[in-house]
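Each chain, written out:
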Amino acid sequence: MNVKDWVFAISAGEVEEEDVMPAEIDGWDIAIYRAKGKFYATHDKCTHGDAYLSEGVVVGEVIECPLHQGRFCIKTGKALSAPVSKPIETFETKLEAGNVYVRLKEA
Amino acid sequence: MPHLDANAELLRRQREIVDRKTLKKFTKRRDLPGLLYFFGLLTCIVGSGYIVFLSTSWGWLLWPAMLFHGIMLSHLFAPLHETSHGTAFRTRWINEAILWFCGIVTIWPPIYFRYDHAGHHTYAQEPGKDPELVLPAPRSLIEYIYYVSAIHLWIKNFGWLFRHARGYMHPFNRQFVPDEDLWRIYLEARIMLAVYAALIIGSIYFQTWAVLIYWAIPTVIGVPVARMLRVADHTGCPEEPDLHTYARTVTTDLLTRFFCWNMSYHCEHHLAPSVPFHQLKKLHEEVGDQMNPVGKGYIAVQWEVLTKHLSGVFPKRKKVQPLSKKI
Ligand code: FES
């Protein structure tokens, strides 16, 4: 899978520590997380149902889906507990001049 | 893989009632409240167990003592439910350990319950879809007694355990579990049945009644109280997916709220299941007036169900929509 160029996602100040915000990048719904001072990005859609993870709760380095509390690791995308079983896709992030950039992957 | 397509709609309706920023105030996870509630309940259970111990030499007094102990034990459903959501504690292993402990004591397979309960939150009060729909209309007195006596519960839970242990899941339950996770459910059932078998064999080998009088009999005779609390959550509310009306928020005292882990705020729990039990009162203060606060206690709601929501003594044929699609 090829990677694309870095794209601006969100201003760092908009994402509080241990929180998540939505960002639309190239027509994709992406969730941007801030945990332990670092930024992470994943697809925003839960793999269990039609819910946005950016509406969920960040606990440490885990995102909990707002609907059924399925949990994913925000660093690796791994599904951690029922009812989710499929991982979410993760993306590289970088912080530059107070902005968070994300590098999407070619489909 | 099940796809719960009703979800986006559910979140949209949630946002109409409470915005993300407001909700965030209530979703923070902590360990201390859950530990206080859990060990508080455990202390009550040990205390009631001690009363059973004292009454073993008082003849017939053993039965009321076991009933009281069983009522205490039945409240372990509250931490089972809360830990199935994963919201009770910040520390995950504490959450999972208590989930398993409560699941084994109350005879609810904890991992399967997580899937089943996700279905309930998606399709609450929708006949034919909600896996935990309690006494759908038309409901009769016989069905009420059958539910509250918990006969249905033992048939259902042991049915799950025995079916899952032999590697089979009923198609209705199957829709909530992804293929890749079936093995977990089957393994869970085998572990639980092995634990119960070990208890039976151990009791016979050591010639002791302890398992029977401190756990099995109290569990069976005490659980109707917890069933009555469940009746108050939804039964008699409109059977349609309306967050405002499909559950009840019951007015009750501090002690009852302690035993049911604040599930008396049931509307608020369905509005935002990410909110831990210890924040539901605060969420209620914020949005409760938009929900369905019935302004009645559990006994009054029980009376209302018995007098207003039953149609006769004997069961009537129900119109249940077949499941038309995979969810
Ligand atoms: S929709 Fe995310 S856990 Fe169910």
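See the structure shown above.
Presented here is a report on the structure given in the accompanying data block. Residue indices begin from 1 for each chain and proceed along its sequence in written order. By the order in which they are written, chains take letters starting at A while ligands take numbers starting at 1. Two thresholds apply to this predicted model, a pLDDT of at least 70 for residue-level local features and 80 or more for giving and counting side-chain atom pairs, whereas whole-chain, interface and lining totals are computed over all residues. Computation of side-chain values covers all heavy atoms of the structure but excludes hydrogens and water.

1. Side note on the sheet that holds strand S1 (residues 3-11) of chain A
Residue and element names in this part refer to chain A.
At step 1: Here, a strand pair is defined by DSSP locating no fewer than two bridges between the strands. Think of it this way: any DSSP run of H or I at least four residues long counts as a helix, any run of E at least two long counts as a strand, and we number them from the N terminus. Read across the open sheet, the six strands follow the order S1-S10-S9-S4-S3-S2; overall the sheet is antiparallel. Among the strands making up the open sheet, the edge pair consists of S1 and strand S2 (19-25). Across the sheet, the mean angle separating the axes of adjacent strands is 30 degrees when strand polarity is ignored.
At step 2: Two elements, strand S9 (residues 90-96) and strand S10 (residues 99-105), share five bridges in a ladder whose sense is antiparallel. Paired with Glu92 across the bridge in S10 is Arg103. In this description, a line fitted to the C-alpha atoms serves as the axis of each element, helices being fitted only across the stretch in contact, and the angle between N-to-C directions of two axes falls anywhere from 0 to 180 degrees.

2. A word on the pairing of S10(A)
Residues and elements named next belong to chain A.
At step 1: Judged by which residues are buried, S10 turns out to be one-sided: Val100, Val102 and Leu104 face inward and are buried, whereas Asn99, Tyr101, Arg103 and Lys105, on the alternate face, are not.
At step 2: Looking at chain direction, S1 and S10 are connected through six bridges and run antiparallel. Bridge assignment links Ser11 to a residue of S10, and that residue is Asn99.
At step 3: Following S9, the chain reverses through two residues before pairing antiparallel with S10; Ala97 in that reversal takes a positive phi of roughly 50 degrees. For each residue, the accessible area found with a 1.4 Å probe, counting protein chains only, is set against the maximum for its type, and the residue is called buried under 20%, exposed over 50%, and partly exposed in between.

3. Digging into the sheet that holds strand S8 (residues 79-81) of chain A
Residues and elements named next belong to chain A.
At step 1: Judged by pairing direction, the sheet is antiparallel, and its four strands sit side by side in the order S5-S6-S7-S8 without closing on themselves. The open sheet has two edge strands, strand S5 (57-59) and S8, and neither has a second partner. Across the sheet, the axes of successive neighbouring strands diverge by a mean angle of 30 degrees, strand direction being ignored.
At step 2: Bridge count between strand S6 (residues 62-64) and strand S7 (residues 71-73): three bridges; the pairing is antiparallel. Following the sheet pairing, Val62 is matched in S7 by Cys73.

4. Some thoughts on the interface of chain B and chain A
At step 1: Contact with chain B, which involves 31 residues of that partner, is made by 29 residues of chain A.
At step 2: Values labelled buried area give the accessible surface lost by two parts on being combined, using a 1.4 Å probe and summing over both. Note on chain B versus chain A: buried area summed over both sides is about 2500 Å², and carbon and sulfur give 49% of it.
At step 3: Whenever a carboxyl oxygen of Asp or Glu lies within 4 Å of a side-chain nitrogen of Lys or Arg, that contact is scored as a salt bridge. On the surface where chain B and chain A come into contact, there are six salt bridges.
At step 4: Close ionic contact of Arg29(B) with Glu64(A) constitutes a salt bridge, the shortest N to O distance being 2.5 Å. Contact criterion: two residues are considered in contact whenever any of their non-hydrogen atoms come within 4.5 Å of each other.

5. Structural notes on helix H3 (residues 32-55) of chain B
All names here are of chain B.
At step 1: Working rule for helices: expected span equals 1.5 Å times residues minus one. Counted at 1.5 Å a residue, the expected span for H3 with its 24 residues is 34 Å, and the 34 Å between its end C-alpha atoms agrees.
At step 2: All buried positions along H3 are accounted for by Pro33, Gly34, Tyr37, Phe38, Leu41, Ile45, Ser48, Gly49, Val52 and Ser55.
At step 3: Residues of H3 that are buried make contact with helix H4 (62-74), helix H5 (77-85), helix H6 (92-106), helix H12 (210-234) and helix H13 (254-259).

6. So, the packing of aromatic side chains
Residue and element names in this part refer to chain B.
At step 1: Two rings belonging to Phe, Tyr or Trp (six-membered ring only in the last case) form a pair when the distance between their centres is within 6.5 Å. Interplanar angles under 30 degrees mark stacking, angles over 60 mark edge-to-face geometry, and anything in between is tilted. By the definition in use, this model includes 19 aromatic pairs over all chains.
At step 2: With centroids separated by 5.2 Å and ring planes inclined at 50 degrees, the aromatic side chains of Phe77 and Trp108 adopt a geometry described as tilted. Taken as a pair, Phe77 in helix H5 and Trp108 in the loop between H6 and helix H7 (110-123) lie far apart in primary sequence, 31 residues in all.
At step 3: Residue Phe77 is classed as buried on the basis of its relative accessible area of 10%.
At step 4: Taking 6.4 Å as the distance between ring centres and 45 degrees as the angle between the ring planes, the aromatic pair formed by Trp154 and Phe158 counts as tilted. In this pair, Trp154 and Phe158 both sit in helix H9 (residues 151-165), four residues apart, roughly one turn of the helix.
At step 5: The class for Trp154 is buried, based on a relative accessible area of 14%.
At step 6: Phe158 gets classed as partly exposed once you look at its relative accessible area, which sits at 28%.
At step 7: Every member of this aromatic cluster is reached through a ring pair, and the members are Tyr37, Phe258, Phe259, Trp261 and Phe277.

7. A word on the side chain of Thr90(A)
At step 1: Note on placement: Thr90(A) falls in strand S9.
At step 2: Thr90(A) has contacts with Ala41(A), Thr42(A), Ile74(A), Lys75(A), Thr76(A), Gly77(A) and Lys105(A), leaving out every residue within four places of it along the chain.

8. Here's the deal with the nonpolar core
At step 1: Each nonpolar core is a collection of buried residues, namely Ala, Val, Leu, Ile, Met, Phe, Trp, Tyr and Cys, held together in the definition by side-chain atoms within 4.5 Å. Counting residues in each nonpolar core, the largest one holds 46 residues, and the members touching the most others are Leu76(B) and Trp261(B).
At step 2: Among the elements that line this core, the one with the most residues is helix H11 (residues 182-206) of chain B, at seven residues.
At step 3: With residues near it in sequence (within four places) discarded, Leu76(B) still touches Phe38(B), Leu41(B), Ile45(B), Phe101(B), Cys102(B), Val105(B) and Thr106(B).
At step 4: In terms of nonpolar packing, the next biggest core, distinct from the first, is built from 37 residues, Val20(A), Leu53(A), Ile88(A) and Leu11(B) among them.

9. Comments concerning the pairing of S2(A)
All names here are of chain A.
At step 1: Across seven bridges, the pairing between S2 and strand S3 (residues 28-35) is antiparallel. Bridge pairing in S3 links Met21 to Ile32.
At step 2: Following S2, the chain reverses through two residues before pairing antiparallel with S3; Asp26 in that reversal takes a positive phi of roughly 50 degrees.

10. Points about the packing of helix H8 (residues 141-148) of chain B against H12(B)
Residues and elements named next belong to chain B.
At step 1: For the pair H8 and H12, interaxial distance at closest approach is 8 Å and the crossing angle is 125 degrees. On the basis of their axis angle, the class for H8 and H12 is oblique. Contacts between H8 and H12 involve Tyr144, Tyr147 and Val148 from the first element and Pro224, Arg227, Met228, Arg230 and Val231 from the second.
At step 2: Residue classes in the contact of H8 with H12 are distributed as six nonpolar, no polar and two charged. When describing relative orientation, an angle under 35 degrees is termed roughly parallel and one over 145 degrees roughly antiparallel, while 65 to 115 degrees is termed roughly perpendicular and anything else oblique. Polarity classes work like this: nonpolar for Ala, Val, Leu, Ile, Met, Phe, Trp, Tyr, Cys and Pro, charged for Asp, Glu, Lys and Arg, and polar for all others, with Gly in that last group.

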